Amino acid sequence: MAEIAHPLRRSVFRGVAGHCPACGKGPLFWRYLKVNGRCEACDTDLARYPADDGPAYLTILLVGHLVVAPMLFFPIVWRSNPLYSLPFILSALAVLTLAVLPRVKGGWVGLMYALDVRGSDAVLHTANAAD
Ligand SMILES: [Zn+2]
């Protein structure tokens, strides 16, 4: 695989591929969405880069705008009997969402790594300003 020169893009693409954003060799996840505490290859502390709800929101945005909205342009979707079409459409969307979510989360962790955003930066959040 050709190496991407730009550090931000390289980290995001390594994360999307499910690899450590620092070295691109170690696995990013140890389970479906569980980020490894440390990279097995380069020992980077991957647990300090927060994902929170960002990947879920982005996945909903992507699937909703790029799949659901264009799907409504096909008359067969809204003319068919929902009893027959909804189970097929909803199960296909669930499979697609579950396939996209780990890639988005990997890219998100790669972006946090490239921007050096850490979990400890949460104190900068305006909702916590009164603390
Ligand atoms: Zn690594």
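Use the structure listed above.
Residues numbered from 1 in each chain as written. Predicted model: local features only at pLDDT ≥ 70, side-chain atom pairs only at ≥ 80, totals over all residues.

S.K.: Talk me through the overall build of the protein chain; I want residue IDs and the actual numbers.
M.R.: Of regular secondary structure, the protein chain possesses four helices and zero strands. When its helices and strands are written in sequence order, the protein chain yields α-α-α-α. The C-alpha atoms of the protein chain give a radius of gyration of 18 Å, which is well past the 14 Å a tight globule of 131 residues would have. Its C-alpha atoms put the protein chain at 55 × 45 × 25 Å along the principal axes. Looking at the 131 residues of the protein chain, the share that counts as buried comes to 20%. Taking the contacts inside the protein chain whose residues are at least 6 apart along the sequence as the reference set, 57% of them involve residues at least 24 apart. (Helix = DSSP H or I, 4+ residues; strand = E, 2+ residues; numbered from the N terminus. Rg over C-alpha atoms; globule rule 2.2 N^0.38 Å. Buried ≥ 20, exposed ≤ 12 C-beta atoms within 10 Å, placed from the backbone. Contact = placed C-beta atoms within 7 Å.)

S.K.: Just give me the short version of helix α1 (residues 7-16), but keep the residues and values in it.
M.R.: Among the residues making up α1, those that are buried are S11, V12, R14 and G15. Buried positions in α1, seen along its axis, are confined to an arc of 160 degrees and lie on one side of it. Each element contacted by the buried residues of α1 is listed here: α4 (82-115). Two residues or fewer past α1, G18 is found with a positive phi of approximately 85 degrees. (Arc of directions from axis to C-beta.)

S.K.: I'd like a description of unusual backbone geometry, backed by residues and values.
M.R.: You will see that D52, though not glycine, has its phi angle at about 50 degrees, which is positive. Among the structural elements, D52 can be located in the loop between α1 and α2 (54-71). Given 11 C-beta atoms within a 10 Å radius, D52 is considered exposed. Of note in this structure, D116 is not a glycine but carries a positive phi near 55 degrees. Residue placement: D116 occurs in the segment after α4.

S.K.: Run through the packing of α2 against α4, naming residues and quoting values.
M.R.: Two numbers describe how α2 lies on α4: the axes approach to 9 Å, and their chain directions differ by 130 degrees. In terms of orientation, α2 and α4 fall into the oblique class. When you trace α2 past α4, the crossing you get is right-handed. Along its contact with α2, which presents G54, P55, L58, T59, L62, V63 and V67, the element α4 presents L93, L96, T97, V100, L101, V104, K105 and W108. For the contact of α2 with α4, the per-class residue count stands at eleven nonpolar, three polar and one charged. (Axes fitted to C-alpha atoms, helices over the stretch in contact; angles between N-to-C directions. Parallel < 35°, antiparallel > 145°, perpendicular 65-115°, else oblique. Left-handed = near helix turned anticlockwise from the far one by under 90°. Nonpolar A, V, L, I, M, F, W, Y, C, P; charged D, E, K, R; others polar.)

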